[in-house]
Every structure is written in C-alpha cells, then in structure tokens.
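Residue-level structural notes
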Amino acid sequence: MENISGIAKAEEDLKYATRFVKPIMGMIGAWPISPSTSFLLKVLQRLRHIFTYFLFFLIMIPTLMYVFLKEKNNKVRLKLMPPIINCSIQCFKYTIILWRRKEIQEGLYAIKHDWIKATEEERLIFRSKAKIGRRVVLVVAFTMYGGGLCYRMILPLLKGTIVTANNTMIRALPCPSYFFILNEQQSPIYEILFVLQIIAGIAIYAVICGFCGIFALLVLHAWSMLRILVNKIKKLVDKSDMSEVVLQRKIMDIIIFNRFLKNIETITEYICLIEMIGSTCMICLVGYCILMEWENTNTMAIVIYITIQISIIFCIFILCYIGQLLVDENYIVSQASSTINWYRLSIKNMRCLILIIAMSNYPMKLKAAKMMEMSLITFTDIMKVSMGYLNILREII
C-alpha cells in the first residue's frame with residue numbers, strides 16, 4: 001500500500017511540475033509520448049511536426065527572398081533579419097528536441113523514480129524546486145508571447161496601407177514576404193498569410209518557452225538531488241554504527257546524479273550553444289531596431305522592441321542562472337564532503353569516504369557543446385559581445 005501511495009504521489013508531483021511546459025510542448029508535438037500510445041495519437045503528433053516545420057519555412061524562405069531580391073535599403077534589411085534569425089534558431093532547437101525525445105523521456109522517468117523513493121523531507125525539496133521551474137515557464141511565456149504577438153499583430157496594423165509612387169496599395173505583413181508565383185497583396189492570400197505568420201509566431205515562442213521549461217525542470221531536479229546529497233553527507237557522522245553498505249549507497253547517489261546530469265547535458269548541450277550564438281545576434285539586432293525606431297520617434301514600436309529585448313535577455317539569463325545554481329551547489333557538496341568530521345568514523349568507513357570526497361572534488365558542469373560553461377560569467381560575456389557588435393553596426397551602417 002505504501003508503494004502504491006508513493007507512486008500516486010510521484011505522478012501527482014510530476015503533473016504539478018509539468019503543468020505548463022507539457023501543453024506548450026505538446027502544442028508543437030515536442031512532448032515525448034510513451035510507446036504504448038495509440039496509433040491515432042502518434043499520427044496526430046507526426047502531423048503536428050509537419051505543420052510546425054511548414055510554419056518555420058513559411059517565415060524563413062519568403063522573408064529571405066524579400067530581403068535579398070526586393071529590399072534595397074540596408075537598414076531595412078537589417079531590421080528584417082531578427083525574425084529570420086529567430087525562426088532559424090527555433091527550427092534548429094525544435095529539430096534537436098525531437099531528436100532527443102528519448103533522453104527527455106528517460107529524464108522524466110528518472111524524476112518520477114526519485115519522487116517515488118523520496119522521503120517526505122526530500123519530496124518537499126523536489127516540489128519547491130519544481131515550483132521555481134513552473135514560475136520560469138510562466139514568466140518566459142508572458143514576456144515572449146506578449147512582445148512577440150504585439151510585434152506580429154500590432155506593428156503591421158499600425159503601419160496601415162502604404163501607397164507607392166506607382167499608386168500601388170501595399171498592406172504590411174508581420175514578416176514581409178516575396179513569392180515568385182503568388183501576389184501576397186491579393187485577397188484572400190494576404191489574409192491567409194497574415195494568420196499563418198501569427199500562428200508561426202505562436203509555434204516559435206512555444207519552442208522557446210518549452211525548452212526553457214524542460215531545461216528548468218531537469219536542472220532544478222538535479223539541484224534538488226545535490227541538496228539532498230549534502231544533507232546525507234552531513235548525516236554520515238551522526239550515526240556511530242554506520243555500515244559500509246550505507247556508505248556505498250551514498251557513493252551510488254553520486255554516481256546516479258552524475259548519470260542524470262550526463263543525460264541533461266546530452267539533451268541540452270547543442271541547444272544551449274545555438275541559444276548562446278542566436279541570443280548574441282538577436283540582442284545586437286533588436287538593439288539596433290530600437291535605435292532606428294528611436295530616430296523615427298515611433299513610441300509603440302520602441303515599447304514592443306524593448307519588450308522583445310527583455311524577453312530575449314531573460315531567456316538566456318535564466319539558462320545561465322540555473323546553470324550557475326548547479327555550479328554553486330556542486331561547490332557546497334565538495335565543501336560538505338571535505339569538511340565532514342571523518343575522524344568520528346571507523347577506519348573501514350573512512351576508506352569508503354575517500355571515494356566520495358574524490359568524486360565531489362571533480363563535479364560535472366553543464367556546458368554548451370562541451371565548450372562554454374552555463375554560468376553567469378557566460379551571460380556577462382554574451383552581453384558584452386552583443387553590445388560590441390551593436391556599436392560596430394552603428395558605425396558601419
């Protein structure tokens with residue numbers, strides 16, 4: 001009965017932790033489904049994948065063609081690059097998320113298993129960190145959808161209908177597009193494109209929010225495991241009759257954590273690299289757009305671009321900050337294992353403790369493609385490089 005109660009509590013906690021991220025990722029077919037899922041649901045998920053890729057390419061290809069084949073003003077070209085770059089980034093991230101669905105599923109199973117065998121004290125630690133992950137998803141979704149949908153809906157409507165020198169009426173689209181065989185200004189083609197580009201924006205922001213949510217869920221759970229590990233290490237000397245088997249279990253806890261963290265790194269390493277490179281470009285280009293709108297005294301556009309800039313900076317900040325939390329907790333584990341009152345243990349148990357100390361002194365850290373560590377230092381470097389590129393753009397163009 002206790003085991004059944006533990007499983008029920010674990011399932012309830014997992015639903016609590018994934019309440020927001022699951023529907024967001026499920027909307028684009030990125031949430032992993034079990035092998036026992038019905039054939040119809042698997043087909044529907046495949047259709048979501050196809051439709052999402054269709055939306056991505058609907059933004060990237062026609063907008064690129066417009067930039068290089070129709071638009072001649074370099075400043076306007078730069079202004080149109082952020083949505084293209086952002087869509088390309090999310091397309092790559094979406095592909096990697098689909099590719100790593102098995103590892104994400106394994107991570108979710110590991111979280112559920114940890115909650116099943118957790119004590120009430122450990123369950124409270126897991127739940128408190130899951131609560132932080134939920135808040136991260138909500139804040140990212142609020143800022144991203146708020147700024148992004150305003151960009152795709154309000155800005156084109158504010159521009160109104162433009163009359164060219166040839167007395168041609170041009171209606172603005174969220175992302176200006178060019179088609180060889182279609183006239184995007186004709187009705188109902190214009191209306192269909194307008195709606196599809198808004199839906200594409202929803203899919204793009206779903207990838208951003210979904211990855212931030214799954215990253216926060218997995219890494220904050222790892223943080224909880226480290227916090228619990230610290231508590232266990234501190235309790236080692238509280239029992240004078242500590243057996244070698246119990247110490248070996250502590251060693252196994254470290255090994256299990258390292259495996260879990262390795263799985264997280266497998267899921268996130270290339271996505272984090274893409275996020276870092278893309279965020280550097282986006283912060284630079286959106287900052288340039290803000291300066292251009294400032295020169296044009298377009299107040300509404302300035303507010304929308306600032307909102308988008310805040311959401312981009314917050315997304316990369318939260319990834320680096322959560323990575324920093326893991327680094328700091330690793331240091332606490334190392335300190336706890338090194339400063340334990342080992343002299344109160346028996347000689348046999350002291351020998352087992354050596355391995356715990358050795359493993360704690362070489363903690364695993366989350367890295368983007370094994371090159372850049374996810375930490376606040378990396379975040380400051382991204383901001384410095386972005387501002388440097390922005391100054392170069394101001395001087396050149």
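Residues numbered from 1 in each chain as written. Predicted model: local features only at pLDDT ≥ 70, side-chain atom pairs only at ≥ 80, totals over all residues. Heavy atoms only, no water.

The protein chain carries the name Odorant receptor in an unreviewed UniProt entry, which gives Apis mellifera as its organism. Quoted verbatim from the Sequence similarities (unreviewed entry) field of UniProt, the annotation for the protein chain is "Belongs to the insect chemoreceptor superfamily. Heteromeric odorant receptor channel (TC 1.A.69) family." Recorded under Subcellular location (unreviewed entry), the UniProt text for the protein chain is reproduced unchanged: "Cell membrane". (UniProt positions renumbered as here; feature names shortened; annotations may be inferred.)

Looking now at the layout of surface pockets. Estimated volume of the largest pocket: approximately 800 Å³. Lining of the largest pocket is provided by 33 residues; of these, Y66, K159, I162, A172 and P176 occupy positions nearest its centre. When residues in the lining of the largest pocket are grouped by element, the largest group, five residues, is from helix α6 (residues 120-159). Classifying every residue of the lining of the largest pocket by side-chain character gives 17 nonpolar, seven polar and nine charged. (1 Å grid on protein atoms, 1.4 Å probe; cavity = no way out; pocket = protein on both sides within 12 Å on 5 of 7 lines; lining within 4 Å. Points joined across faces, edges and corners; volume = space filled by probe spheres on them. Helix = DSSP H or I, 4+ residues; strand = E, 2+ residues; numbered from the N terminus. Nonpolar A, V, L, I, M, F, W, Y, C, P; charged D, E, K, R; others polar.)

Now for the pattern of salt bridges. Counted under the stated rule, the structure contains 11 salt bridges. A salt bridge links D13 to R123, with the nearest nitrogen and oxygen atoms 2.8 Å apart. Taken together, the residues span a long stretch of sequence, with D13 in helix α1 (residues 2-17) and R123 in helix α6 at a distance of 110 residues. The partner of E275 in a salt bridge is K93, with the nearest N and O atoms 2.4 Å apart. Of this pair, E275 sits in helix α8 (residues 244-295) while K93 is found in helix α4 (residues 74-99), placing the two residues 182 residues apart along the sequence. By relative accessible area, which is 8% here, E275 ends up buried. Counted as one network, the salt bridges with shared partners bring together K9, D13, E120, R123 and R127. (Salt bridge = Lys/Arg side-chain N within 4 Å of Asp/Glu carboxyl O. Buried < 20%, exposed > 50% of the residue type's maximum accessible area, 1.4 Å probe, protein only.)

Right, let's talk about empty space enclosed by the protein for a bit. Where empty space is left becomes clear once a probe the size of a water molecule has been rolled over the atoms. Under the definition given, this model contains four cavities of 30 Å³ or more. By volume, the largest cavity is sized at about 290 Å³. In this structure, the largest cavity is lined by 23 residues; those nearest its centre are P82, N86, M282, I308 and I312. Looking at the lining of the largest cavity, the elements with two or more residues in it are α4, α6, α7 (189-234), α8 and α9 (299-338). Counting residues per element, the lining of the largest cavity draws most heavily on α4, at seven residues. Class assignment for the residues of the lining of the largest cavity results in 14 nonpolar, five polar and four charged.

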